[in-house]
Amino acid sequence: MTLYQWFVLFLVVQIIHFVGTWKLYEKAGRKSWEAAIPVYNAIILMKIINRPWWWTFLLFIPIINLIMFPVIWVETLRSFGKNSTIDTILGVCTLGLYIYYVNYALDVKHIKDRSTHPTNPTADFISSILFAIVVATTVHTYVMQPFTIPTSSLEKSLLVGDFLFVSKFHYGARTPTTAIGLPMVHDSIPLTKKKSYLSFPQLPSFRFPGFEKIDKNEIVVFNWPVDTVYKFRDVSGRRIDKPLDKKSNYVKRCVAVAGDSLYIKNGDVYVNGAKLPLHDRQKLQYSYYVDTDGSQLSEEYLVRELDITDPAGQITANRYYFKALTEENAQRLRNNPIVKNVIKIEEKEGDLRIFPHTKPSWNADNLGPIYIPQAGKTVALNKESLPFYSMIIKEYEKNDLMVNGDEIRINGKVATSYTFKQDYFWMMGDNRHNSEDSRYWGYVPADHVVGKPVFIWMSLKQNVPWGKAIDKIRWERMFTTVGGSGEPTSYFIYFVIILGGYFGYNFYRKRKKKANA
């Protein structure tokens, strides 16, 4: 929906509210016209139903307002003596239209000093649950979101089984585009795998100011730009065009920012002509062949001594294929007496899966140069350059693009250049031969950025059963920071001390209170 359409819808809602409540405003000692002024009418309504004025803000927050509207309908009815269970059911099931009946057909009186405390345990429980959902949804949407690492694309920095907290406010929290959906659920309902949202209507989205910008080598969580998958691991070929905020969450490392020029040579990334330096916690991984004298490389040796999480695949009696090895582990294998040769696999052949899918000689280890688009910058458009920017023009910046031979038309006009409306980024995994990243689908738009991973609160080994819970947990990774320099430090013991102190203080306070009673 456009801004104009949303404005019209907003006015319609205001008219519906005025027509259905103006007499109730009068019975509460207010003026009838106060029910007609947008936003102001909500503030006055909060006074009428004896609720805090800041509840007005909750009515304008997507998803949260879906919880708040029924609450306001019920609170309005109770403020005029309609407290029965049937009144509550009618208020909710008629989407608030039962208030029309109360407004025009019944002679009700306003209860000015009505108690807002629930009168029975069930109502108190429901009230507490709704409040918890509202708070959790607000935090989840605008402050901090939990996230799980599902793949090994950032192995060694982030491991499969890491549970993260992702900050929304570092780069600026983004308002949702989906107006109707379940709170704290992404694109599908857990267990059922059914859609958790309605694709229509869609809200115009904007980003709050952040206190830092994305820099090179930072790990970033973002919505996968080209996501049309029905659901992961579905092989039926079904697809769905998802709203921006419901596209699948990906986590990669930003290797180039808007305005940079990038190329990759023999697997090394060069930005603006210089080889990109590695972060001190970053360990690149590549695929290798390892030849032995015929002796076996035991799984215990690989897992326990080399900490190789992706087991080797044995091709022949004396050749192994390693999907992902760091250079450090490759060197340690070279020093193993049974190992005769360690060969790093390098892409030599062209691969049209590589973005922009028109360069026959490009592959995952050798591509570029590629310009990373920057807001306000203009590039020339022709048949050679268009494949780099066609997704930006059509999908990310919502223009009508038509190509007829050598002629390019944007929004009906012949175009020989294009000016970008937002910044873009180039994201890659550290596991260079096992990462689906910008090399395959191109740029990540700024409006697709979700947040910055800041904290690992739990980490589980995937190949250890829950029957061995002590061994399954990576204790050394619990409560460690994602960013920073040097070896990650676990703050778990400090958390346990603080938690123990909190419960100990509460226990002492209750005992003292009981003794003084």
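This text follows the structure it describes.
Residues numbered from 1 in each chain as written. Predicted model: local features only at pLDDT ≥ 70, side-chain atom pairs only at ≥ 80, totals over all residues. Heavy atoms only, no water.

Once that is clear, we can look at the overall build of the protein. The helix and strand tally for the protein stands at 13 helices and 21 strands. Once the C-alpha set of the protein is aligned to its principal axes, its extents read approximately 95 × 80 × 40 Å. Burial statistics for the protein: of 517 residues in total, 43% are counted as buried. Long-range contacts, defined here as pairs at least 24 residues apart, represent 66% of the contacts in the protein between residues at least 6 apart. Carbon and sulfur atoms provide 60% of the accessible area of the protein, an area that totals close to 28,200 Å². (Helix = DSSP H or I, 4+ residues; strand = E, 2+ residues; numbered from the N terminus. Buried < 20%, exposed > 50% of the residue type's maximum accessible area, 1.4 Å probe, protein only. Contact = heavy atoms within 4.5 Å. Areas by Shrake-Rupley, 256 points an atom, 1.4 Å probe, with all protein chains shown as cover.)

Taken as a whole, this structure holds 21 salt bridges when the rule is applied. When the shortest N-O distance is used, the salt bridge between Lys359 and Glu384 registers 2.5 Å. Separated by 25 residues along the polypeptide, Lys359 in the loop between strand S11 (339-344) and strand S12 (367-371) and Glu384 in the loop between strand S13 (378-380) and helix H10 (386-396) bring together distant segments of the chain. With a relative accessible area of 52%, Glu384 lands in the exposed category. Residue Lys383 pairs with Asp406 through a salt bridge whose shortest N-O separation is 3.7 Å. Here the residue Lys383 occupies a position in the loop between S13 and H10, and Asp406 occupies one in the loop between strand S14 (401-404) and strand S15 (407-410), the gap between them amounting to 23 residues. By the burial criterion, Lys383 is exposed, and Asp406 matches it. In the salt-bridge network here, residues are joined through shared partners; they are Arg51, Glu75 and Arg114. (Salt bridge = Lys/Arg side-chain N within 4 Å of Asp/Glu carboxyl O.)

The next subject is the side chain of Asp162. The topology assignment puts Asp162 in strand S2 (residues 162-167). Given a relative accessible area of 0%, Asp162 falls into the buried group. Here Leu159 takes part through its backbone nitrogen, which lies 2.8 Å from a polar atom of the side chain of Asp162. Polar side-chain contacts of Asp162 include one of 2.5 Å to the side chain of Ser459. Apart from the residues within four sequence positions on either side, Asp162 is in contact with Phe147, Thr148, Ile149, Ile456, Met458, Ser459, Arg474 and Arg477. (Polar contact = N/O pair within 3.5 Å; in protein donor to acceptor, adjacent residues only side chain to side chain.)

With that settled, consider the sheet that holds S11. Read from one edge to the other, the open sheet built from four strands follows the order S9-S10-S8-S11, with strand pairing classed as antiparallel. Across the chains shown, the open sheet's two edge strands, defined by having one partner strand only, are strand S9 (313-316) and S11. When the angles between neighbouring strand axes are averaged without regard to direction, this sheet yields 30 degrees. With five bridges connecting them, strand S8 (residues 285-292) and S11 associate as antiparallel partners. Looking at the pairing, Tyr289 lines up with Ile343 of S11. The strands touched by helix H9 (residues 327-334) within the sheet are S8, strand S10 (319-326) and S11, with S10 carrying the most contacts at an inclination of about 145 degrees. (Pairing = 2+ DSSP bridges. Axes fitted to C-alpha atoms, helices over the stretch in contact; angles between N-to-C directions.)

So, on to the pairing of strand S18 (residues 424-428). Judged by how many residues are buried, S18 sits mostly within the fold: five of five residues are covered. Here S18 shows a buried face lined by Tyr424, Trp426 and Met428 and a second buried face lined by Phe425 and Met427. Looking at chain direction, S18 and strand S19 (residues 444-445) are connected through two bridges and run antiparallel. Residue pairing for S19: Phe425 is matched across the bridge by Val444.

Packing of helix H4 (residues 64-78) against helix H5 (residues 85-93) brings their axes to within 9 Å, and their N-to-C directions diverge by 140 degrees. When the interaxial angle is binned, H4 and H5 end up oblique. Handedness of the crossing formed by H4 with H5: right-handed. Along its contact with H4, which presents Pro70, Trp73, Val74, Leu77 and Arg78, the element H5 presents Asp87, Thr88, Gly91 and Val92. Looking at side-chain class alone, the contact of H4 with H5 contains five nonpolar, two polar and two charged residues. (Parallel < 35°, antiparallel > 145°, perpendicular 65-115°, else oblique. Left-handed = near helix turned anticlockwise from the far one by under 90°. Nonpolar A, V, L, I, M, F, W, Y, C, P; charged D, E, K, R; others polar.)

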